[in-house]
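Residues per chain, in single letters:
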Amino acid sequence: MYGMVNKAFKDMVVMHHGESGWEQIKAKAGVDMDVFMSNESYSDDITYNLIGAASEVLKVPAEQILIGFGEHWVMHTASEGYGGLMKAAGKALPEFMRNLPNFHSRVTLVFPKLQPPHFRCTDITDRSLNLPYYSHRRGLAPFVVGLMQGLGKNVKTPVVVRQVAVKDQGGDHDVFGVAWNPNPA
Ligand code: HEM
């Protein structure tokens, strides 16, 4: 994955657990890098090792770490670092959600080696949709849950996400049911 992912993970850890927390997680992960170049590619193993190490050091299930990282990604990394791309995808949640299937094609223009996830939108109503999620990577479904929750928090629209189909149980993709209040205050 591009270095921006590991960099964002480090930023999240330092934000909540300080430099000492990061040093412990980095050591446990066997990662000897401290600076990640946003636009360089790194092995996915580094990211997975960091997540696993954070789970061990902080004594929090990896799923919970991934949910938190998804929220951090949209609320900090994407909004602060790539605000233009985020704004172009839509102001209100329903519009943003419907644009998700095309979102990473814009990102690919800037980061050509991206191996992005793929999303579809089905069963669309004014307050919900189903989001099939395809990835060649394993175990990132909780990250998607966090991303959806973070998107809702960004626009102060409470979002309820539940996984309605699980890739590990035989299919080739996960599906999330995403619902929101159509008239947020
Ligand atoms: C401007 C904002 C964003 C940027 C720059 C961005 C960029 C990236 C990058 C660099 C990766 C790692 C993959 C690779 O390097 O090959 C990634 C993965 C991913 N992104 Fe985005 N992304 C953004 C916003 C979003 C949003 C809004 C969502 C969904 C709500 C999303 C969903 C994901 C998921 C689920 C992955 C994990 C990879 C996988 O499933 O295989 N991203 N993105």
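The residue count restarts for each chain, going from 1 along the sequence in the order it is written. At least 70 in pLDDT is required for a residue's local features to be given in this predicted model, at least 80 for side-chain atom pairs to be given and counted, and no such filter applies to totals for whole chains, interfaces and linings, which use all residues. Calculation of side-chain values draws on the structure's entire complement of heavy atoms; hydrogens and water are dropped beforehand.

**Things to note about the sheet that holds strand β2 (residues 128–134)**
Hydrogen bonds between backbone atoms are what pair the strands of a sheet, whose relative direction is either parallel or antiparallel.
Item 1. What makes two strands pair is DSSP finding at least two bridges between them. Secondary structure elements follow DSSP: runs of H or I no shorter than four residues count as helices, runs of E no shorter than two count as strands, and numbering proceeds from the N terminus. Pairing is antiparallel across the open sheet formed by four strands, whose spatial order is β1-β2-β4-β3. Both edges of this open sheet fall to β1 (118–119) and β3 (159–165), since each of them pairs with a single strand only.
Item 2. Bridge count between β1 and β2: two bridges; the pairing is antiparallel. Across the sheet, phenylalanine 119 pairs through a bridge with tyrosine 133, a residue of β2.
Item 3. In this fold helix α6 (residues 141–154) packs onto β1, β2, β3 and β4 (174–180), with an angle of close to 155° to the strand it touches most, β3. Contacts are assigned to residue pairs that have any heavy atoms within 4.5 Å of one another. Note on method: axes are straight lines fitted to C-alpha atoms, helices fitted across the in-contact stretch only, with angles between N-to-C directions ranging 0 to 180 degrees.

**Observations concerning the domain arrangement of the chain**
Item 1. By convention here, the domain bounds are inherited from an automatic or database domain assignment. Here the domain parsing of the chain yields domain 1 (3–60) and domain 2 (91–180).
Item 2. Computed from C-alpha coordinates alone, the two centres of domain 1 and domain 2 are separated by 24 Å.
Item 3. Summed over both partners, buried area is the accessible surface (1.4 Å probe) that two parts give up on being assembled. Counting each side, the surface lost to burial between domain 1 and domain 2 is near 500 Å², with a carbon and sulfur contribution of 57%.
Item 4. Of all residues in domain 1, Met4, Asp44 and Tyr48 bury the most surface against domain 2, accounting for 72% of the area lost on that side.
Item 5. A carboxyl oxygen of Asp or Glu within 4 Å of a side-chain nitrogen of Lys or Arg is what we treat as a salt bridge. The interface formed by domain 1 and domain 2 contains one salt bridge.
Item 6. A salt bridge links arginine 137 to aspartate 44; the nearest nitrogen and oxygen atoms lie 2.6 Å apart.
Item 7. The definition of a polar contact used here is a pair of N or O atoms within 3.5 Å, where within protein one atom must be able to donate a hydrogen and the other to accept one, and adjacent residues in sequence count solely through side-chain atom pairs. Where domain 1 meets domain 2, there are two residue pairs in polar contact (both at pLDDT 80 or more).

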